[in-house]
Amino acid sequence: MVNDVLGLNRGQAAHRETIAIGEFVRKFVAEFSETENADFRVFTVRADAALTVMFDRTHLNQILWNLCGNAL
């Protein structure tokens, strides 16, 4: 992840796309919970179905995984 961030700082383009954040986070929680053997019920996802963000999907996944892994 550090290399990815450093690469962005060196001018490597992020692959930005419009992401429906509620759907993305729900899928993330399911995958994270299964992979890390965590109880998915500790997560609460509240997002308007129309809420979107422009972000690199892979980077967003890495950021969330790191935050949730540290919290776990």
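That block above? That's the structure.
How each quantity is defined
Throughout, residues of each chain are indexed from 1 in the direction in which the sequence is written. This being a predicted model, a pLDDT of at least 70 is required before a residue's local features are given, and a value of 80 or more before pairs of side-chain atoms are given or counted; all residues contribute to the totals for chains, interfaces and linings. To get the side-chain values, take all heavy atoms of the structure and skip hydrogens and water. Helical segments are the DSSP runs of H or I of at least four residues, strand segments are the runs of E of at least two, and each set is numbered from the N terminus. Whether a residue is buried, partly exposed or exposed follows from its accessible area with a 1.4 Å probe, protein chains only, as a fraction of its type maximum: under 20%, in between, or over 50%, in that order. Two residues qualify as a contact provided that any one of their heavy atoms is within 4.5 Å of a heavy atom in the partner residue. A side-chain nitrogen of Lys or Arg and a carboxyl oxygen of Asp or Glu constitute a salt bridge if their distance falls within 4 Å.

Undergrad: What is the right way to read the overall build of the chain from this model?
TA: A count of helical and extended segments in the chain gives three helices and two strands. Ordered by position in the sequence, the α and β elements of the chain form the string α-β-α-β-α. Within the chain, the proportion of its 72 residues that are buried is 21%. For the chain, contacts bridging at least 24 residues in sequence account for 79% of all contacts bridging at least 6.

Undergrad: Please clarify how the pattern of salt bridges should be interpreted in this entry.
TA: Pairing between side chains of opposite charge can happen when the charged atoms of each approach one another. For the structure on display, the rule yields three salt bridges. We note a salt bridge from Arg 57 to Glu 17, for which the minimum N-O separation is 3.1 Å. Of this pair, Arg 57 sits in helix H3 (residues 57-71) while Glu 17 sits in strand S1 (residues 16-20), placing them 40 residues apart in sequence. For Glu 17, a relative accessible area of 31% corresponds to the partly exposed category. Across the pair Glu 23 and Lys 27 runs a salt bridge, and its minimum N-O distance is 3.0 Å. Here Glu 23 and its partner Lys 27 are both found in helix H2 (residues 21-36), four residues apart, which amounts to about one turn of the helix. Residue Glu 23 is classed as partly exposed on the basis of its relative accessible area of 46%. The exposure class assigned to Lys 27 is exposed, which follows from its relative accessible area of 54%.

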